[in-house]
Amino acid sequence: MRSPFFCAIDTTDPDRAASLAEVAAAAGGGIKIGKEFFTRHGPEGVRRLCSGGEAPLFLDLKFHDIPNTVAGAVRAALALAPAILNVHAAGGRAMLNAAREAVETAGADRPKLIAVTVLTSLDADDLSEIGLAGPVETRTLALARLTRACGLDGVVCSPREIAPLRAALGPDFLLVVPGVRPAGAALGDQKRVMTPGEALRAGADHLVVGRPISAAEDPAAAARAIAAELAEAAA
Ligand code: C5P
């Protein structure tokens, strides 16, 4: 049975990546590949990692460039048949529309296209320093609304944003949520966390889980426990 979590493959080590991908797939989850692995191993590396089976791929490359370039990058990414891919909402309306049009060329099997709003590593002071005044929440909501207006499928958001975004954007907008921690797991650098079950009950559609699996003593058991917790929360 599929589980709505993606395991973050945050490594350049191909053996470690392969073992994490196997663990995620065995627990019914998907795999999320970001700039670290992709920049080292490229599309061929991604293909090798996904060749084993059914695990859906979230290609987390967060494209952000002029519309023409982003559209080309999205079309190139389609060759990897990701289930989800993403761009930065701050690229603006024309770039979001170009990305959506590019994804639509894949037809019925098209991936879900989601956007990053405000990186969770930025606070109001960081935004103000780059000339963007105002609360983070206001900006996040504005970017999420723009994302939906451009016909994208959803956004990446932190656990604390699930409820306000779900309320503002309705039930059909995908909320993909990193920063979850099973009860008792180390927080690492994530500050505002929820357990996987809490995040799902709060309205998340997919969860991104990294260190709670990759740094666990027994990653396979950790992944199975997360899948079980999610199955219970969904029941
Ligand atoms: O190890 P951890 O569970 O914190 O990993 C979370 C994953 O989600 C990492 O791949 C990280 O880059 C990603 N992510 C995040 N916060 C965001 C967006 C992505 O932690 N706002």
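Residues numbered from 1 in each chain as written. Predicted model: local features only at pLDDT ≥ 70, side-chain atom pairs only at ≥ 80, totals over all residues. Heavy atoms only, no water.

Trainee: Quick question: what am I supposed to make of the site of the ligand here?
Mentor: Looking at the ligand, the residues that line it are Ala 8, Asp 10, Lys 32, Thr 120, Pro 178, Arg 181, Gln 190, Val 208, Val 209, Gly 210, Arg 211 and Pro 212. Between an oxygen atom of the ligand and a side-chain N or O atom of Lys 32, the distance comes to 2.9 Å. Arg 211 places a polar side-chain atom, nitrogen or oxygen, 2.7 Å from an oxygen atom of the ligand. Comparing atom positions with the cavity grids shows the ligand to sit within the largest pocket. Put simply, the parts of the chain that give the shell around the ligand at least two residues each are β8 (206-209) and α9 (211-214). The residue makeup of the shell around the ligand, split by class, is five nonpolar, three polar and four charged. (Near = heavy atom within 4 Å. Polar contact = N/O pair within 3.5 Å; in protein donor to acceptor, adjacent residues only side chain to side chain. 1 Å grid on protein atoms, 1.4 Å probe; cavity = no way out; pocket = protein on both sides within 12 Å on 5 of 7 lines; lining within 4 Å. Sits in = over half its atoms within 2 Å of the grid points. Helix = DSSP H or I, 4+ residues; strand = E, 2+ residues; numbered from the N terminus. Nonpolar A, V, L, I, M, F, W, Y, C, P; charged D, E, K, R; others polar.)

Trainee: Could you clarify how one ought to interpret the layout of surface pockets in this entry?
Mentor: Over the atoms, a rolled probe matching the size of one water molecule traces out where space is still vacant. Considering only enclosed or pocket space, the largest pocket measures out at about 1,200 Å³ in volume. Lining of the largest pocket is provided by 44 residues; of these, Thr 120, Ser 121, Pro 178, Gly 179 and Gln 190 occupy positions nearest its centre. Elements that contribute at least two residues to the lining of the largest pocket include exactly α1 (14-26), β2 (30-34), α2 (35-50), β3 (57-63), α6 (136-149), β8 and α9. Residues that form the lining of the largest pocket fall into these classes: 16 nonpolar, eleven polar and 17 charged. (Points joined across faces, edges and corners; volume = space filled by probe spheres on them.)

Trainee: Can you help me understand the pairing of strand β4 (residues 84-88) in this one?
Mentor: Regular strands place their side chains on alternate faces of the sheet. Across the five residues that make up β4, a large majority, five, are buried. Burial of β4 is two-sided: the residues Ile 84, Asn 86 and His 88 facing one way and the residues Leu 85 and Val 87 facing the other way are all buried. As paired strands, β3 and β4 are joined by three bridges and run parallel to one another. Note that in β4 the partner of Phe 58 across the bridge is Ile 84. On the question of chirality, the crossover connecting β3 to the parallel β4 by way of helix α3 (residues 67-77) is right-handed. (Buried < 20%, exposed > 50% of the residue type's maximum accessible area, 1.4 Å probe, protein only. Pairing = 2+ DSSP bridges. Right-handed = clockwise from strand over helix to strand, strands pointing away.)

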